[in-house]
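# Close look at the chain arrangement
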Amino acid sequence: MNTLRRKVTGLGFAGLALLGLSGCFEGELSENEQSIMSDQPFAYVVRDYPDMGDTSSLNVRPPLDPRAPYAFNPGAKLMVRDRIALSSSERNILDRYFGGSGYDVKDLDVSADGERMVFAAHGPAGNASHSTWNIYEYTFASGEIRRIFADDDVANAGEDTNPTYTNEGRIIFSSSRQHGRGDWRLLDLREYLEDFNEPASLLHSVNRDGSNLAQITFGQFHDIEPGTMNDGHVVFIRFGRIYETLQDCTLENIDNPNFNTHPHGGGYGQGNGNGFPSGLEEPKEWTVEDKCGASLAGQVEGERVFVEDVLSMYRITPSGGNVHRYFGSLSEEFSDASFIHYMDPIPLDDGNLLTIMRHVYNPIYGGDVVKVNSANFFAVGKPVAESVIGEAEESMTPGLVNFYPSQVSPAGWYSAVAPYGDGTGRLLASWAQCLVTDSTITGACEGSSTVDNLGEPQYGIWMVDPAQNTRLPVVRGHQNALYTDVVIADRNELARPYTGNQHNLDLEENTALFHIRSVYDMDGADMAALYDGGIETRRDPSLTHPDDRSERFIRVLGKRSIPPLLEQAILSDPILNPAEGPQPPLGLTPLIGSGDRNLYDILSYAMVEPDGSAMVKVPADTSFTFEVVNKYGKRVDLIAAPDYNYNYLIQHPQSLLLENGEVLKCYGCHDPEVDIPHARTDVELASANPGAPAAAMPFPNANPMIIAQNWKDTMAEALVDSLSYLPTTWADDMRYEDFWSNPPDASLAFSNPYSGLTTPVPANDPSCLTNWTSNCKATINYVEHIQPIWNACRVDPNQNVVTSCQNCHRAAESKSCAAGVGGGGPGTGLMLGSGNASWDGRQLESYVELFKPDYYIRETTTGDWVEVDETNLDAECPDGIQGDMTVLPDPGVCFARRLMSARGAIASARFFSLFDNDPDDDEYQVETTGTEAIRQSHMGMLSRAELRLIAEWLDTGAHLFNDPDKFEFPVE
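An account of the accompanying structure is given in this report. (Residues numbered from 1 in each chain as written. Predicted model: local features only at pLDDT ≥ 70, side-chain atom pairs only at ≥ 80, totals over all residues. Heavy atoms only, no water.)

## A word on the overall build of the protein
In plain terms, the rule: Runs of E in the DSSP output that reach at least two residues are strands. Runs of H or I that reach at least four are helices, and both are numbered from the N terminus. Whether two residues touch is decided by their heavy atoms; if any such pair falls within 4.5 Å, the residues are in contact. Under the convention used here, a 1.4 Å probe and the Shrake-Rupley method define accessible areas, while residue burial counts only the protein chains that appear.
Looking only at helices and strands, one finds 14 helices and 50 strands in the protein. Considering only intrachain contacts with a sequence separation of at least 6, the fraction spanning at least 24 residues in the protein is 65%. Accessible surface, the protein: about 39500 Å² in total, of which carbon and sulfur atoms supply 50%.

Put into structure tokens, the structure is as follows:
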């Protein structure tokens, strides 16, 4: 709103005493108290001003700082009134519950039906039953208060704050307990904010009765202040930090910074159309000297580190799916407006957000009521489309609020807000008049007032009507009163459970769908243009043969974490991880082997169409990720050919989760350096894929029987519409069919099902082998599914004899194929036996052998590769040894050779080149003397199904166990 003319003049200050010295207005006064009334109950938190304290240290956070969710400021009161009216009486609802004062309370939220309120409270010091922040629920009709976690031990196992109701009736809250990492009191595996040495406060969900507790966000952040939108999404604030190293700071430049006068960081005001607070019309951009003055000592002598606090709005589904940045930049310019941030964003009916913006070091603890136009902006100055007009942030109050510490603000300050929610646009807000004191006379601030005689503000609760530019009292203010939370118990008729967008395909029960417009799209840029003629050439079957595209399938992976109790048990097991003794601790290696800490299931496959599009089915209510693989089932991001431009096609870094029947559309891939949120489902992004040239038309030079129904439809959409079914598979088969050639070429079709295995199939249920459904999954464990491949008897096609891999590659143990040939023995270079390693009985022999370096090579000046003497590496390799499976080692450096790499199947070319003719891994294979003879002796020994299974296993981390239930602890 614009600054209003002062229409109230000549009012004597004494005549306003009945309003608690808070009755000076900008805007028109209404004479009808009905304009503020509502029969809905409301609640608020009132407290005395906490002392701001010393704020000169970068890592000292003041009271009521959203970046410090665990701070305990006793003395707050939770008040409830039965109706919004100046004459309604208030009642304190927590004194009796806690047996007196000295507690703290904050973070109020009301259920969608308006019947209950949830909040966070911390019992008085010394109260053993309520010794941490906990979540409580209040019922307006009965006045009942109860704690969500009834058991004291469960409740006090973490600092639980910032609750909100979902539209389904569950509660989402922020907590230090990090339930997904186990009981930290036994072994603390939680993620921490390093600068503050405190555990990250991350989002959890729980039923109202305290059951089904689940952690839904992860990382070294504080995820705080969640609120539920009408469509069921949950929006929240993520607090993190960005660090900038400063090399040219000298000690002479380093003062003790006072952030009341010199804040730093990133936040409000960049390009704000309503102007900046007084004195900040042109916020001072920070110079190197400014940053040096507010920096910390680095790890290297003379190095300084400048820290930027970033509070951006994120969004997530109630079950924890599709977490993404919703509004806000990660790269704001540093300025003197940097510590003005959003407080507790409240979703509005129009899809936007209402928030209090204030400077976290302002001792008045107030700011302005601002509407964030999140429906039309990614961040300030970043509209979702060129056609968008207006501003990203709009003040909703009369007058111009000054945010900065020690500034005069004639329009006063606001400390809390709640929308009436009745369609009138009215707000219930805590507001304090700016007062100045001259001798014994107190009056309202004027534009000419200075901070020298600034009086104590007196907050009350007011009705603010942005449409009428009015502000009327509801709760009288008094000296030192600060209202930090306000909620109205209003029924939200527009709230609905989250379902996402629903598809119209006839899919199996408990199935969802996601649609990628093109894997060749990177933030709207055509990545195929550099070497492959662009998407329009890529999609033209007369110009691009299917085998010219390595990107053939989307592979969907179920993604899960190690069960926290198992992780804690492994790390504390005296055999696997002894505190002392000759055997070194193994960490989590006995479970995850050489890979990362995520465990995976194979869920489904879908073809990547010629334009890079894909429509992929996934099991509903299942956390998943996905990756792009070639026709051999190998992840393509490791392809190292110099003209390959798609190495960004890594496994999707964020887990996704879809509801039954939901369809999620994504446009392509995203560069994390591009500061635009890309996963917002409510925004149409630019697409590099031009799609169908017109409605009811085929694609150029493609099968004319496949017709696009709509202009710009992808090939995946057009194919599904033409076939009237979705040509994808579950994990049981990796199947390709040529639909696009004109005419289609049946000879290009292939199928690689698990039924081709003679060894155990990695199905979670035997019934899946005959009827694979959305509840089935493939879970690969090394001992159960990979070791049997080495042990299986088979015919060697090169010599027409029966043998096994282990027959030739074993130590002194018996052959796995007793009647087969094979001359293994103690001198064997590679041992694939099933037993434990002779050098460490805690490890599996064959697994260790596959991943250890077994020889070293270097390139000569003539370009030949020669093996070096590993007993004399210091002399042979004076410039060092390059790491795991390097494609292009530095000149003069030796190269370690392993048979397999946990980086993935493409990087394991030394193994796969013995059995297939995949050109995608050629750059990883180095020819030495005898290489071709070894290849000829192995070619054809393993089946396509076995090679697919091994590729899947390697690409998902080469774990010893992806099913943690199969893990067994060693015994003495």
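Further notes follow.
## Focus: the state of the cysteines
Each disulfide consists of one covalent bond between the sulfur atoms belonging to two cysteines. So the rule is basically this: Count a disulfide wherever a pair of cysteine sulfur atoms falls within 2.5 Å. Under the scheme applied here, a residue whose accessible area is under 20% of the maximum for its type counts as buried, over 50% as exposed, and between as partly exposed, the area being computed with a 1.4 Å probe on protein chains only.
Under the counting rule described, the total for this entry stands at four disulfides. Shown here is the disulfide that connects cysteine 793 with cysteine 817, its sulfur atoms set 2.3 Å apart. Because the torsion about its S-S bond is 125 degrees, the bridge between cysteine 793 and cysteine 817 counts as right-handed. Taken together, the residues cysteine 793 in the loop between helix H8 (782–791) and strand S43 (794–796) and cysteine 817 in the loop between helix H9 (805–808) and strand S45 (836–837) connect sequence positions 24 residues apart. The partly exposed category is assigned to cysteine 793, whose relative accessible area is 47%. Among the residues examined, cysteine 817 registers a relative accessible area of 3% and is labelled buried. The disulfide that involves cysteine 877 links it to cysteine 894, with 1.9 Å between the sulfurs. Handedness here is read from the sign of the S-S torsion; for cysteine 877 and cysteine 894, about -90 degrees, the answer is left-handed. Placement of the pair is cysteine 877 in the loop between helix H11 (873–876) and strand S49 (881–882) and cysteine 894 in strand S50 (residues 894–897), with a sequence separation of 17 residues.

## Here's the deal with the packing of aromatic side chains
Note the following rule: Two aromatic rings from Phe, Tyr or Trp, using only the six-membered ring of Trp, form a pair when their centres are within 6.5 Å; if the ring planes differ by under 30 degrees the pair is stacked, by over 60 it is edge-to-face, and anything between is tilted. As a reminder, the over-ring test applies to NZ of lysine and CZ of arginine, requiring each to be within 6 Å of the ring centre and within 35 degrees of the ring normal.
Evaluated as defined, the whole model comprises 36 aromatic pairs. Taken together, a centroid distance of 6.3 Å and an interplanar angle of 40 degrees make the contact between tyrosine 754 and tryptophan 772 tilted. Of the two residues, tyrosine 754 is situated in the loop between strand S42 (750–753) and H8 and tryptophan 772 in the loop between S42 and H8; the sequence distance between them amounts to 18 residues. Given the relative accessible area of 9%, tryptophan 772 is considered buried. Relative to tyrosine 847, the ring of tyrosine 782 lies with its centre 5.3 Å away and its plane at 85 degrees, an arrangement referred to as edge-to-face. In this pair, tyrosine 782 is assigned in helix H8 and tyrosine 847 in helix H10 (residues 845–851), connecting sequence segments 65 residues apart. Neither tyrosine 782 nor tyrosine 847 differs from the other in exposure class; each is buried. Among the aromatic residues, ring-to-ring pairing joins Tyr97, Phe98, Tyr103, Phe119 and Tyr136 into one connected group. In this structure, arginine 61 packs its charged tip against the face of phenylalanine 196, placed 3.8 Å from the ring centre. One Lys or Arg, arginine 238, reaches over the ring of tyrosine 314 and ends 4.6 Å from the middle of that ring.

## A word on the pattern of salt bridges
Working definition: two side chains of opposite charge can pair if their charged atoms are close together. The condition is simple: Within this document, salt bridges are pairs made up of a side-chain nitrogen of Lys or Arg and a carboxyl oxygen of Asp or Glu, the two lying within 4 Å of each other.
All chains considered together, the criterion is met by 52 salt bridges. Linking arginine 83 and aspartate 39 is a salt bridge whose minimum nitrogen-to-oxygen distance equals 3.6 Å. With arginine 83 in the loop between strand S2 (77–81) and strand S3 (90–92) and aspartate 39 in the segment before strand S1 (42–48), the pair connects residues that are 44 residues apart, well separated along the chain. Its relative accessible area of 29% is what places arginine 83 among the partly exposed residues. One salt bridge connects aspartate 955 with arginine 555, and the closest N-O pair in it is separated by 2.8 Å. Note that aspartate 955 is positioned in helix H14 (residues 944–955) and arginine 555 in strand S35 (residues 553–560), a separation of 400 residues in sequence. Under the relative-accessibility criterion, aspartate 955 is labelled buried at 5%. Salt bridges sharing common partners tie together Asp113, Glu115, Arg116, Glu137, Arg146 and Arg208.

## Here's the deal with the side chain of aspartate 920
Selection criterion: Residues scored as positive are Lys and Arg, those scored as negative are Asp and Glu, and His as well as the terminal groups of each chain are ignored.
Within the secondary structure layout, aspartate 920 lies in the loop between helix H12 (909–912) and helix H13 (931–938). Of the side chains bearing the opposite charge, lysine 634 lies closest to the buried aspartate 920, which forms no salt bridge; the N-O distance is 7.6 Å. Contact partners of aspartate 920, with chain neighbours within four places excluded, come to Ser550, Asn630, Ile639 and Ile906.

## Section: the side chain of glutamate 662
One can find glutamate 662 in the loop between strand S38 (624–629) and strand S39 (663–666). When sequence neighbours within four positions are dropped, the list of residues in contact with glutamate 662 reads Tyr498, Thr499, Gly500, Asn501, Gln502, His503, Ala512 and Leu513.

## Concerning the packing of H8 against H14
How two helices pack is summed up by the angle between their axes together with the distance between the axes. Under the convention used in this document: Between N-to-C directions, angles span 0 to 180 degrees; the directions come from axes that are lines fitted to C-alpha atoms, helices contributing only their stretch in contact. The labels follow the angle: roughly parallel below 35 degrees, roughly antiparallel above 145, roughly perpendicular from 65 to 115, and oblique for the rest. A clockwise turn of the near helix away from the far one marks a right-handed crossing, whereas an anticlockwise turn of less than a right angle marks a left-handed crossing. Amino acid classes used here: Ala, Val, Leu, Ile, Met, Phe, Trp, Tyr, Cys and Pro are nonpolar; Asp, Glu, Lys and Arg are charged; the rest, including Gly, are polar.
The N-to-C vectors of H8 and H14 enclose an angle of 140 degrees; their axes lie 11 Å apart at closest approach. Compared by their axis directions, H8 and H14 come out oblique. H8 and H14 meet at a crossing whose hand is left-handed. Where H8 abuts H14, its residues Tyr782, His785, Ile786, Ile789 and Trp790 lie against Glu946, Leu949, Ile950 and Trp953. In terms of residue class, the contact of H8 with H14 is built from seven nonpolar, one polar and one charged.

## Re the sheet that holds strand S37 (residues 614–619)
This is how it is decided: The criterion for strand pairing is that DSSP finds at least two bridges linking the strands in question.
A sheet is described by the order of its strands in space; here three strands give the open sequence S37-S32-S39, paired in mixed fashion. Both edges of this open sheet fall to S37 and S39, since each of them pairs with a single strand only. Adjacent strand axes in the sheet meet at a mean angle of 20 degrees, parallel and antiparallel pairs treated alike. Across four bridges, the pairing between strand S32 (residues 511–516) and S39 is parallel. Looking at S39, one finds that phenylalanine 514 is bridged to leucine 664.

## Considerations on the sheet that holds strand S5 (residues 116–122)
Neighbouring strands of a sheet are bound in pairs by backbone hydrogen bonds; such pairs are parallel or else antiparallel. Read from one edge of the open sheet, four strands run S4-S5-S6-S7, paired in antiparallel fashion. Each of the sheet's edge strands pairs with one partner strand only, and the pair in question is strand S4 (104–110) and strand S7 (145–147). Taken pair by pair, the neighbouring strands of this sheet meet at an average axis angle of 30 degrees, ignoring direction. Across seven bridges, the pairing between S5 and strand S6 (residues 133–139) is antiparallel. Within S6, the position partnered with phenylalanine 119 by the bridge is tyrosine 136.

## Concerning the environment of phenylalanine 624
Topologically, phenylalanine 624 is positioned in strand S38. Assessed through its relative accessible area of 1%, phenylalanine 624 is described here as buried. Counting along the chain gives 32 residues from phenylalanine 624 to leucine 656, while the straight-line C-alpha distance between them is 5.3 Å. Among residues more than four places away in sequence, those in contact with phenylalanine 624 are Phe514, Val556, Leu557, Gly558, Lys559, Leu603, Val618, Gln654, Ser655, Leu656, Leu657 and Leu658.

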